[in-house]
Amino acid sequence: MMIWLPVLLPAIAALSTFLLGERRPRARNTLNLIAAAASVGTVAVLVIRAYGGEVAVGAIPMMSDLDLGVHSDLTGLLFSTVATVLWMITLVYAIGYMEHAADQATFFGFFALCIAAANGVALATDPVSLFVFYEILTLTTYPLVVHSGTPEALAAGRKYLLYALTGGTLLLLGNAWLYALAGPTPFTPGGALAGVETHTTALRAIFFLMAAGFGVKAAIMPLHGWLPGAMVAPAPVSSLLHAVAVVKAGVFGIIRLINELYGPALASSLGVAQVLAAFAAASIIVASVIALRQDDLKKRLAYSTVAQLSYITLGVALCSPLAAAGALAHLAHHAFMKITMFFTAGSLAETLHVKKLSEMGGVARRMPVTMGSFAVAAFALAGIPPLAGFASKWLLGSGSVEAGASWALIVYVAAGALAMGYMVPILLAAMRPGDHGAPEGVESDPRMLWPIVIVAAMSIVLGLTAGLPGSPVHWALTAVAPAFGGVTP
Amino acid sequence: MTSAFTGTGAFTFGLDETSIPFLALFAVVWLLSGLYTAITTPAADRPRLFAYYVPSAVGGIGVAAASDAVSFYLCFALMALPAWGLITHTRSAESRRAGAIYLTLTVVGEALLLAALVLLVVETGTTSLPGYRDAIAGLPSAALITTLVLATIALKIGMLPLSGILSLTYTYTPAGPAAALAGASTKVGALAMLRLLPAGGMPPGWADAVMVLGLTTAFGAAVLGVLTDHPRAVLGYSSASQMGLVLIAAGAGLSDTDAATLAYGAVVAYALHHGLAKAALVLGDDVVQRFSGRRARSVALAALALPALALVGAPLTSGFVAKYALKDAIHAVGGDISAAVYVGLSWAAVGTAALMLRFFALTLQPRETTPGNARGAALVWGLLLMLVATATWMWPSDWNQHAISSAFSLSSLWAALWPGLIALGVWGVIARVVPGGTRYRAVVEPGDLLTMVARGASRWAARADRPRPVAAGRSEARSSSLAEPLLGAERGYLRWTIAATTFVLVALALAWLALG
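Counting restarts for each chain: residues are numbered from 1 in the order of the written sequence. Chain letters and ligand numbers both follow the written order, the letters beginning at A and the numbers at 1. Totals for whole chains, interfaces and linings use all residues, but because this is a predicted model, local features are given only for residues with pLDDT of at least 70 and pairs of side-chain atoms are given and counted only at 80 or more.

Each helix and strand counted, chain A has 19 helices and 2 strands in total. We compute the radius of gyration over the C-alpha atoms and compare it with the globule rule, which gives 2.2 Å times the number of residues raised to the power 0.38. Scaling as 2.2 N^0.38, a compact globule of 489 residues should have a C-alpha radius of gyration of about 23 Å, and chain A matches this with 21 Å. Over its C-alpha atoms, taken along the principal directions, chain A stretches across nearly 70 × 50 × 45 Å. Partly exposed residues are those falling between the two cut-offs: more than 12 but fewer than 20 other C-beta atoms within 10 Å of their own, whereas 20 or more means buried and 12 or fewer means exposed, with C-beta atoms placed from the backbone. Every one of the 489 residues in chain A was classed for burial, and the buried ones make up 66%. Contact definition: two residues whose C-beta atoms, as placed from backbone geometry, lie within 7 Å. Long-range pairs, those at least 24 residues apart, make up 80% of the contacts in chain A between residues at least 6 apart in sequence. Elements are defined by DSSP. Helices are runs of H or I of four residues or more, strands are runs of E of two residues or more, and each kind is numbered from the N terminus.

Moving on, we get to the overall build of chain B. Secondary structure summary: chain B contains 21 helices and 0 strands in total. Computed over C-alpha atoms, the radius of gyration of chain B comes to 25 Å, within 12% of the 24 Å expected from 2.2 N^0.38 for 516 residues, which places it in the range of a compact globule. Expressed along its principal axes, the backbone C-alpha trace of chain B runs to roughly 90 × 55 × 45 Å. For chain B, with 516 residues in total, the buried portion stands at 55%. Pairs at least 24 apart in sequence give 80% of the contacts found in chain B among residues at least 6 apart.

Another point: the nonpolar core. All names here are of chain B. In terms of nonpolar packing, the biggest core is built from 391 residues, with Ala249 and Val267 touching the most fellow members. Per-element tally for this core: the top contributor is helix α12 (residues 257–290), with 21 residues. Domain delimitation follows an automatic or database domain assignment. Of the domains in this structure, domain 1 (19–448) and domain 2 (482–516) are the two that each give at least three residues to this core. Residue contacts for Ala249: discarding those within four places in its chain leaves Ala263, Ala266, Val267, Tyr270, Leu326 and Ala329. Think of a nonpolar core as buried Ala, Val, Leu, Ile, Met, Phe, Trp, Tyr and Cys residues, each tied to the set through C-beta atoms within 7 Å.

A common way to state how big an interface is: give the accessible area lost once the parts meet. Split by domain assignment, chain B resolves into domain 1 (19–448) and domain 2 (482–516). Each of domain 1 of chain B and domain 2 of chain B has a C-alpha centre, and these two points are 53 Å apart.

All names here are of chain A. When DSSP locates at least two bridges between a pair of strands, those strands are taken to pair. In terms of strand pairing, strand β1 (residues 57–63) meets strand β2 (residues 66–71) through 6 bridges, oriented antiparallel. Within β2, the residue paired with Ile60 across the bridge is Leu68. Between the antiparallel neighbours β1 and β2 lie 2 residues, among them Ser64 with a positive phi of about 25°.

Before going further, it helps to examine the confidence of the model for chain B. Residue and element names in this part refer to chain B. The quantity called pLDDT is the predictor's confidence in a given residue, expressed from 0 to 100. The share of residues in chain B with pLDDT of 70 or more is 90%, and the mean pLDDT across the chain is 84. Across chain B, the element-wise mean pLDDT spans from 67 in helix α21 (residues 496–515) up to 93 in helix α1 (residues 19–40). Low confidence marks residues 1–9, where pLDDT is under 50. Its contacts with residues over four positions away, or in another chain, come to 41 contacts. Every residue in residues 468–480 is under pLDDT 50, and counting partners more than four places away or in other chains gives 21 contacts.

Turning our attention to unusual backbone geometry. Between A:Pro385 and the following residue, A:Pro386, the backbone shows a cis peptide bond with an omega angle of 5°. Within the element layout of this structure, A:Pro386 appears in the loop between α15 (368–381) and α16 (388–402). Across the junction of B:Leu160 and B:Pro161, the peptide omega takes the value 0°, indicating a cis bond. Note on placement: B:Pro161 falls in the loop between α7 (142–157) and α8 (164–172). You will see that A:His353, though not glycine, has its phi angle at about 60°, which is positive. Mapped onto the elements, A:His353 comes out in the loop between α13 (321–352) and α14 (363–366). Unusually for a residue other than glycine, B:Arg91 sits at a positive phi of about 65°. Relative to the elements of secondary structure, B:Arg91 occurs in the loop between α4 (83–87) and α5 (93–124).

The next point concerns helix α6 (residues 151–182) of chain A. Along an α-helix, residues three or four positions apart point the same way, because every turn accommodates 3.6 residues. Multiplying 1.5 Å by the helix residue count minus one yields the expected span of that helix. Over its 32 residues, α6(A) runs 46 Å from end to end, which matches the ideal 46 Å to within 8%, given 1.5 Å per residue. Where α6(A) terminates, the next one or two residues include A:Gly183, which has phi positive at roughly 75°.

With that settled, consider the environment of B:Gly62. All names here are of chain B. As for its placement among the helices and strands, Gly62 is situated in helix α2 (residues 46–65). Measuring from C-alpha to C-alpha, the distance between Gly62 and Asp229 comes to 35 Å, with 167 residues separating the pair along the chain. When residues no more than four places from it in sequence are discounted, the contact partners of Gly62 are Phe13, Cys75 and Leu78.

Here we take up the packing of helix α9 (residues 175–196) of chain B against helix α11 (residues 231–252) of chain B. Residue and element names in this part refer to chain B. Only C-alpha atoms enter the line fits that serve as axes; for helices the fit covers just the stretch in contact. Angles between N-to-C directions range over 0 to 180 degrees. One can describe the packing of α9 onto α11 by two numbers: an axis separation of 11 Å at closest approach and a directional angle of 15°. One way to sum up the angle between α9 and α11 is to call them roughly parallel. In this structure, α9 crosses over α11, and the sense of that crossing is right-handed. Taken together, the residues of α11 that come into contact with α9 (itself represented by Ala178, Ala182, Thr186, Gly189, Ala190 and Met193) are Arg232, Leu235, Ser239, Met243, Val246 and Ala250. Each residue is assigned to one class: nonpolar for Ala, Val, Leu, Ile, Met, Phe, Trp, Tyr, Cys and Pro, charged for Asp, Glu, Lys and Arg, and polar for all the others, Gly among them. Across the contact of α9 with α11, the residue classes tally to 8 nonpolar, 3 polar and 1 charged. Oblique is the label for any angle not under 35 degrees, not over 145, and not in the 65 to 115 range, which are roughly parallel, roughly antiparallel and roughly perpendicular in turn. Each crossing gets its hand from how the near helix is turned against the far one by less than a right angle, where anticlockwise is left-handed and clockwise is right-handed.

Further remarks concern the environment of B:Leu301. Looking at the element boundaries, B:Leu301 is found in helix α13 (residues 294–312). The spatial distance from the C-alpha of B:Leu301 to the C-alpha of B:Thr363 is 9.0 Å, given a sequence separation of 62 residues.

With that out of the way, let us pick up helix α19 (residues 472–480) of chain A. Extensive coverage of α19(A) is indicated by the burial of 9 of its 9 residues. Those residues of α19(A) lying buried are A:Pro472, A:Val473, A:His474, A:Trp475, A:Ala476, A:Leu477, A:Thr478, A:Ala479 and A:Val480.

Moving on, we come to the packing of α13(A) against α19(A). All names here are of chain A. Where α13 contacts α19, the two axes come as close as 8 Å, and the packing angle between them is 135°. Taken as axis vectors, α13 and α19 run oblique relative to one another. Considering the relative orientation of α13 and α19, their crossing is right-handed. Between α13, through Pro321, Ala324, Ala325, Leu328, Ala329, Ala332 and His333, and α19, the contact on the second element is made entirely by Pro472, Val473, Ala476, Leu477, Ala479 and Val480. Of the residues belonging to the contact of α13 with α19, the class tally is 12 nonpolar, 1 polar and no charged.

Bringing the environment of B:Phe50 into the picture now. All names here are of chain B. If you trace the backbone, Phe50 turns up in helix α2. Taking the number of C-beta atoms within 10 Å as the measure of exposure, Phe50 has 19 and is therefore partly exposed. Put simply, Phe50 and Gly34 are 16 residues apart on the chain and 8.6 Å apart in space, counted from C-alpha to C-alpha.

Next comes the structure, spelled out in structure tokens:
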């Protein structure tokens, strides 16, 4: 039963939120926070047990031999931990951010449902269960993207839905074909397709169908079209969903696809991983270059996200233990770094009505703590040691060499330089002289300020503790080892 | 292959044969330059300056003591990135441009270094820094690693055609921090040569090619330097020229293991000699401006001659020691190329002498400087000069023994003197023939090629960013930057119908593939 709690608790919070409606906002907020704290607690217990080798499994029969199943393996729990911890922090931020907004019940309700779906994606035992949660995630995100109700938001929402549902259809097609070919294929580290390897053409086609399905949320170019537009959503949505839950569900799907459905060896020998790696590498460079020229802060961050997501895709597609571990660790690290930046963008927009780099003059003097936190995250993202981004970039780079793909190492270090190129101008813009009326040093609402400080501090802590058990790096190294024959790299 | 990466918790620092001289040099230079900065910076500017100076100094000193790859990379970045704040301290348009150029090259250099370090760690299986130089030649990626390290060093030391970077950083940075950058920053490049370039074992072509690159830089930077007209820009080009000589030394050790030992000594000798002397020249230029009295000014100018003569390699100076160590290293390589480089070395000294003459001519012109305690400044400078005079002779090592034993032989004295005499002769001609005498106007501006590229780029961007009607929903201004084809494609792609159509077509293609 406990294994279902990470999915059920947010779902219950969502249900209660919808029932409460706009009445009693204080009770609603408290209830959401309690549900988030309980989810974090549950996941923590599952993690401790999983580290001890105890994997819980839960299954609800759907039809014939297909179950809707969840299990608490280390790979899934890493994603789940990131999603629930950041849900709790984002809730605090969102309560401050949405204070005077309309339709808060809709917002918080769907917000919690998204987390339930993301946890389902994280813990799903097989591709079919993963697909079910993946589609729920698509549908529950839509109301959040169109929350403001403006024509721009509605257009972005339509676009998102078209992309995500088409992607979902491809994923379903892939699943159906795979089922016809191999029957139920629960995720197994190292590959679940023993016995059907000879159907190379079919397996290649299925791989690309699924990769395209996941690729939409993972924003692999050219499937990224929905992401920049979706930035019209309120800041907490951009922060948690477009930096963490939704996009990471895509890359997480790719991690499962390669490491635990096909297995790195098969994905590599079929040649499909290499194709995916090429798309990811191209996405990294192209998105980074586009990010260099964005004046709109959130769009700049969005293109940075496209690039960073492909760090993960490329890492897992290299089919080497170190690169795969780097990919999984980067899934966690990037979440903390990027959420810091989207929180900051939200604070600037909400408190100072600043949305573009060209309007940012004086911001650093006005909100030094906020911008200081942003700077930490920016340098972490660019891979400056000893911050979190460095640890995962180092692993990804080492994995590239291990895989005999020095070109991927060059892509990663070039992307690091480009990341400096699109992050430093934001800091310089904030340091330019400028006037924002209010006295210097007055930050935004404390409920928005503290979450920023905490997630920025995590970029430092996760980097410094990268070598310790329980850190994303150590965790990822342990989690991917079975997919490569059980040897901890 | 395994990786010894155990997370970034494993920062290790320690002392070894390489770290000791560099640690001594960096500590002295950052400390004395810091004192000088504190004395000569107006109180109101101090917090802003030291906010960048202190982290840079911590990185700059830590990089010598770092004994694993990650710590080395961390300190390398920690020194280099905050230096941007030192260069742009005056906030003038020129200094901002210099800062932008510096930051760009630094970030590229960091990326190259990171790639080299990752390759080293994975292929050697250890993060321990001191063992790399002996291991590199035997690694599968030896050529790639060496190329990446050389490129990192090229950016750091201002190898042609990037020599302008040093003149840019020296010219716009306040004197104190500029001395730190002059004395320590380029020497991190020398440190990287000893830590990360192979000690012998590479095919002979590597040694020859790198020595030629070094000699080209030594000459080219000297030519560019005499054509500029700011004393510190001249010093910047002189640094690039001198670091070209250090590159020759490092090159000498790439292929031949015996030469590698001598080359190692030569790099250390040059780092100590040039680090101290160049910091003293930068500070001296500023000290001279602070004394208006004729006698005090004359004394200061006379004292300034010491580091200048040292750079030329005059007898009994630190440059004499360094040059001996370098000549021994080149001699050990053998072959036609090294013989040619050996001869070219003496002629490079002519270039250095010309640079020093030009520097003196420009320093003699009074110019404005920050207010501050002239005596305190002179005292700090005096301490540094004492080290310039003594350090390379007193340092306990093998590389200065040859120079000590031949310090008074006639042939070596003549070898050390004639390049200076030739430069003096040419200088006499210039003083009479060229309009403006020895203070002729600049032909090259600080940063040469880099500044031209940066100015061109910003002009281009400014023209491109001129407000034009921007369609709704379009966040970036239209531009004709290098990224424009990409941006244009992306804008077009994001337009609802095109994107949707493409996507549906991709989906149909996949579906057809699936069902077909």
